[in-house]
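Breakdown of the fold
Residues per chain are reported as follows:
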Amino acid sequence: MTTDSGAQDETSGTALHYTYLAALQQDNVELPIDTWIVGVVNMQIYGFGNAVDTNFECLGPPDDLFDEFRDARNSLESGWMSNVEAHNCAWGQLAFEFRYLRYLHTGWQEDTDIRNACDAILEGLQERPVALVCYEGDKKFCHRTVLKRFLTSKHQPTHNNG
């Protein structure tokens, strides 16, 4: 059994993890027993809803970025690139990470569904470990890693000074 993509931040006794659907479905991930499994996809397919406790659709990539990415990846893949190479190349060509992070920052500042979803995850993190889940395997760049860094930057653990 493998670990969860090596992605864990210890914060006030809880941890923020990330993993992907196939790892959950194949029991190929080690997470604490009480982990809140949180989906962050804008389209639930392949039994996704059965594998997560909840899904925050608004934390998936915005539709325009997702569509542009999918088209670029498919175009590259139809040539000589493997799926993983095409995926990662399209990610870089489209400045996907920058654009997704801008989407998160804008949503956070405007107190939208994005802010509410992030707040729910951060509140959950005060109580138990949280795992962010999407579809992309370990070898592909993925928005959940960007989201994890974003949430980590917003996380303000409570301290018991008693």
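Everything numeric here is computed off the predicted structure, so don't read it as measured data.

Digging into the layout of surface pockets
If you add up the space inside the largest pocket, you get close to 430 Å³. Lining of the largest pocket is provided by 20 residues; of these, Phe66, Phe69, Arg73, Tyr135 and Glu136 occupy positions nearest its centre. Secondary structure elements with two or more residues in the lining of the largest pocket: α3 (63-77) and α4 (83-93). Sorting elements by how many residues they give to the lining of the largest pocket places α3 first, with four residues. Of the residues belonging to the lining of the largest pocket, the class tally is 13 nonpolar, three polar and four charged.

Structural notes on the pattern of salt bridges
Where charged atoms from two side chains of opposite charge approach closely, those side chains can pair. Tallied over the entire structure, the rule returns six salt bridges. Residue arginine 115 pairs with aspartate 119 through a salt bridge whose shortest N-O separation is 3.5 Å. Of this pair, arginine 115 and aspartate 119 both sit in helix α6 (residues 113-127), separated by four residues, roughly a single helical turn. For aspartate 119, a relative accessible area of 25% corresponds to the partly exposed category. Each member of the salt-bridge network shares a partner with another, and the members are Asp67, Arg70 and Asp71.

A few points about the pairing of strand β3 (residues 36-39)
The two faces of β3 match: Trp36 and Val38 on one face and Ile37 and Gly39 on the other face are all buried. Relative to strand β5 (residues 130-134), β3 runs parallel, the two sharing four bridges. For valine 38, the partnering residue across the bridge sits in β5 and is leucine 132.

Here we look at the confidence of the model for the protein
With 87% of its residues at a pLDDT of 70 or more, the protein has an overall mean of 89. Looking over the protein, one finds the lowest element-wise mean pLDDT in strand β1 (residues 8-11), namely 44, and the highest in β3, namely 98. Per-residue pLDDT stays below 50 along residues 1-13; that stretch engages in 39 contacts with residues further than four places along the chain or on separate chains.

Some remarks on a nonpolar patch on the surface
Taken together, Met43, Ile45 and Tyr46 make up a surface patch of nonpolar side chains, about 330 Å² in accessible area. On the secondary structure map, methionine 43 appears in the loop between β3 and α2 (48-51).

Side note on the packing of aromatic side chains
Both the distance between ring centres and the angle between the ring planes are used here to describe each pair of aromatic rings. This structure, assessed with the given rule, holds eight aromatic pairs. Ring centres of phenylalanine 48 and tyrosine 135 lie 5.0 Å apart, and the angle between their planes is 50°; on these two criteria the pair is classed as tilted. You can see phenylalanine 48 sitting in helix α2 and its partner tyrosine 135 sitting in the loop between β5 and α7 (143-154), a full 87 residues away along the chain. Take tyrosine 135: its relative accessible area is 26%, and that puts it in the partly exposed class. Sitting over the face of the ring of tryptophan 108, arginine 115 holds its NZ or CZ atom 3.9 Å from the ring centroid.

Topic: the environment of histidine 155
As for its placement among the helices and strands, histidine 155 is situated in the segment after α7. The exposure class assigned to histidine 155 is buried, which follows from its relative accessible area of 9%. Distance from histidine 155 to leucine 125, taken between C-alpha atoms, is 8.6 Å for residues 30 residues apart in sequence.

Cut-offs and rules
Residues numbered from 1 in each chain as written. Predicted model: local features only at pLDDT ≥ 70, side-chain atom pairs only at ≥ 80, totals over all residues. Heavy atoms only, no water. 1 Å grid on protein atoms, 1.4 Å probe; cavity = no way out; pocket = protein on both sides within 12 Å on 5 of 7 lines; lining within 4 Å. Points joined across faces, edges and corners; volume = space filled by probe spheres on them. Helix = DSSP H or I, 4+ residues; strand = E, 2+ residues; numbered from the N terminus. Nonpolar A, V, L, I, M, F, W, Y, C, P; charged D, E, K, R; others polar. Salt bridge = Lys/Arg side-chain N within 4 Å of Asp/Glu carboxyl O. Buried < 20%, exposed > 50% of the residue type's maximum accessible area, 1.4 Å probe, protein only. Pairing = 2+ DSSP bridges. pLDDT = per-residue confidence, 0-100. Contact = heavy atoms within 4.5 Å. Patch = residues over 30% accessible without salt bridge, like charges linked within 9 Å, V, L, I, M, F, W, Y side chains within 5 Å. Areas by Shrake-Rupley, 256 points an atom, 1.4 Å probe, with all protein chains shown as cover. Phe/Tyr/Trp six-rings, centres within 6.5 Å; stacked < 30°, edge-to-face > 60°. Lys NZ or Arg CZ within 6 Å of the ring centre and 35° of its normal.

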